[in-house]
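Here is how the chains run, residue by residue.
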Amino acid sequence: MAGPRDRKWDARAGRKRIAVNEPEARDDDAPTAGLKSLFIKTYGCQMNVYDSARMAEVLAPLGYRAVETPDDADMVIMNTCHIREKATEKVFSELGRLRPLQRRKEAAGGRMILAVAGCVAQAEGAEILRRAPFVDIVLGPQTYHRLPEMVARATRAAGQGVLETDFPTEAKFDHLPRERGVDGVTAFLSVQEGCDKFCTFCVVPYTRGAEYSRPAESLLREATALVAAGAREITLLGQNVNAYHGAAPDGGTWSLARLIAYLAEIDGLERLRYTTSHPRDMDDALIAAHRDIAQLMPYLHLPVQSGSDRVLAAMNRGMTGDDYRKVVARLRAARPDLALSSDFIVGFPGETDRDFADTLALVREIGFAQAYSFKYSPRPGTPAALEPPLDEALKRDRLAELQAVLDAQKIAFNDATVGRVVPVLIEKAGRHPGQLVGRSPYSQPVHLDGAGLEIGDIVETRLTARLANSLSGAAVARRAAAERVA
Ligand code: SF4
């Protein structure tokens, strides 16, 4: 079994101290076959970005290597998202664009395996194979650990689509490669998947299935490997991440707060974030973690969706606007500089002027550093899709009004940080020569002169100006090398 080799126990705290080591080799590491090119197009959320990376890892032992374009690829995967408006039709349009490439490859004597993955694949299933019979594989989000087997079946039987959209009883995470590479100094780690909350506008419970939390031990192992591979920041992912309740090494169950406490013990892991949270699952321990765990960054995406109790009830959010206000007050008491982000749906069926005014009032009261706001659009198969829709123009006007307030709040938040000195994790090169781009604790992109700095450094930076979607800054001090590399 792969796993951290060196665990020192802190007897006083009763916690494991985890040192990062080279990942162990696995017995079942497959030999690399002849190289083939793989293009994955990812739509939607960070969970899909994570899933795409894992699909690439699952296919690597078969010889597949990522390429930048689908033009001459041996395999193309569309990792789809059902959250997008008219998502299904957009998938078929994209398939129509890929078909000539597939034909060209066939004409040259080759083969392009075309796969549709993700939530649209889960929702549409056999319909994709019926409308686009040139698609070789349709696989849902719970089955991508079986991709090698599907590729083998598709290779053996060209023209007979392979469909895998069930929710297997075995946990897919147990069947994925244990070691992971890291592209850069930040990494995602999927800790939880699926959802049991059934908000009336959302497809996730139908496409991702019931909530499942990964065992803590395998998460500690994966996080340790990520840090060994160069990650300095890890974002824990889940559709309902703070509902996490994974099996613990001692036979009990860990909450997200407990998991974060253990992850924070990994040497070299400087920053932790998590997304997406439900306000209902923000328990005392998690709120305290924002106060007590230095690695947990003071930025939290906590969707409220609406400020109207009536609309929140119709959405089946299981909370009121005041419940949200109380959670935010407790969070801010624990971590006064916490920057908040949220999602909003405007024009939900039945939303009145008064309901919308309640949303604006909540936004003005809370103050958001960042937000994502959308006009409501129905998702097939969800309860809200059966309700009479609001007028499009009304939805558009309300959205514009809300976004004006949210934009002003974002500008005010960024302006308030100008002049402050904050630690910035350098993530990548900027567009201009010598420039580097990093991220502040509040998740703001920061551009700065890279002289004497390296990707992966965490550098004390004075924020000097607000730009359109980022900030500029100037390094004022570097952390000592000993601090930078634990
Ligand atoms: S809690 Fe989030 S993922 Fe679950 S149904 Fe509601 S919106 Fe969808």
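Higher on the page you've got the structure.
All figures in this text were calculated on a predicted structure; none of them were measured in a lab. (Residues numbered from 1 in each chain as written. Predicted model: local features only at pLDDT ≥ 70, side-chain atom pairs only at ≥ 80, totals over all residues. Heavy atoms only, no water.)

### Here we look at the overall build of the chain
Counting secondary structure elements, the chain contains 14 helices and 23 strands. Across the 486 residues that make up the chain, the buried fraction comes to 53%. Total accessible area on the chain stands at roughly 21,000 Å², and carbon and sulfur atoms take up 52% of it. (Helix = DSSP H or I, 4+ residues; strand = E, 2+ residues; numbered from the N terminus. Buried < 20%, exposed > 50% of the residue type's maximum accessible area, 1.4 Å probe, protein only. Areas by Shrake-Rupley, 256 points an atom, 1.4 Å probe, with all protein chains shown as cover.)

### Some details on the site of the ligand
Near the ligand the following residues occur: Cys195, Lys197, Phe198, Cys199, Phe201, Cys202, Val204, Pro205, His278 and Arg317. Classifying every residue of the shell around the ligand gives 7 nonpolar, 1 polar and 2 charged. (Near = heavy atom within 4 Å. Nonpolar A, V, L, I, M, F, W, Y, C, P; charged D, E, K, R; others polar.)

### Notes on the packing of helix α1 (residues 46-59) against helix α5 (residues 147-156)
As a packed pair, α1 and α5 sit with axes 9 Å apart at the nearest point and diverge in direction by 65°. Contact residues: Met55, Val58 and Leu59 in α1; Leu147, Pro148 and Val151 in α5. For the contact of α1 with α5, the class distribution of residues is 6 nonpolar, no polar and no charged. (Axes fitted to C-alpha atoms, helices over the stretch in contact; angles between N-to-C directions. Contact = heavy atoms within 4.5 Å.)

### Looking at the environment of Ala210
One can find Ala210 in the loop between α6 (204-207) and β11 (212-213). Its relative accessible area of 57% is what places Ala210 among the exposed residues. For the pair Ala210 and Glu193, spaced 17 residues apart in the sequence, the C-alpha separation amounts to 7.9 Å.

### What about the packing of helix α12 (residues 353-366) against helix α13 (residues 392-417)?
Where α12 contacts α13, the axes come no closer than 10 Å and their chain directions differ by 5°. Between α12 and α13, the interaxial angle falls into the category roughly parallel. In contact with Asp353, Phe356, Thr359, Leu360, Val363 and Arg364 of α12, α13 contributes Arg398, Glu401, Leu402, Val405, Leu406 and Gln409. Partitioned by chemical class, the residues of the contact of α12 with α13 number 6 nonpolar, 2 polar and 4 charged. (Parallel < 35°, antiparallel > 145°, perpendicular 65-115°, else oblique.)

### Some details on α5
For α5, the complete set of buried residues consists of Leu147, Met150, Val151 and Ala154. One side of α5 carries all its buried residues, which in axial view fall inside an arc of 100°. Contact partners of the buried residues in α5: α1, β4 (64-66), β5 (75-80), β6 (113-117), β7 (137-139) and β8 (162-164). (Arc of directions from axis to C-beta.)

### Concerning the pattern of salt bridges
All chains considered together, the criterion is met by 31 salt bridges. With its nearest N and O atoms 2.6 Å apart, the salt bridge here joins Arg335 to Asp337. Residues joined in a network through salt bridges with shared partners are Arg54, Glu57, Arg214 and Glu222. (Salt bridge = Lys/Arg side-chain N within 4 Å of Asp/Glu carboxyl O.)

### Here's the deal with the nonpolar core
Counting residues in hydrophobic clusters, the biggest one holds 80 residues, and the most contacted among them are Met75 and Leu236. At 7 residues, the largest contribution of residues to this core is made by helix α8 (residues 256-263). Dropping the residues within four chain positions of it, Met75 is found in contact with Ser37, Leu38, Phe39, Leu59, Tyr64, Ile113, Ala115, Ile137, Leu147 and Val151. Ala73, Phe92, Leu114 and Val135 belong to the second largest nonpolar core, which has 23 residues in total. (Core = buried A, V, L, I, M, F, W, Y, C linked by side-chain atoms within 4.5 Å.)

### Considerations on the packing of aromatic side chains
Tallying each qualifying case throughout the model produces 6 aromatic pairs. Taken together, a centroid distance of 6.5 Å and an interplanar angle of 85° make the contact between Phe201 and Phe348 edge-to-face. Separated by 147 residues along the polypeptide, Phe201 in the loop between β10 (192-193) and α6 and Phe348 in the loop between β17 (339-346) and α12 bring together distant segments of the chain. In this structure, Phe201 and Phe348 share a single accessibility class: buried. Summarising the aromatic geometry, the rings of Phe348 and Tyr376 are spaced 5.2 Å apart at their centres and angled 70° between planes, so their arrangement reads as edge-to-face. (Phe/Tyr/Trp six-rings, centres within 6.5 Å; stacked < 30°, edge-to-face > 60°.)

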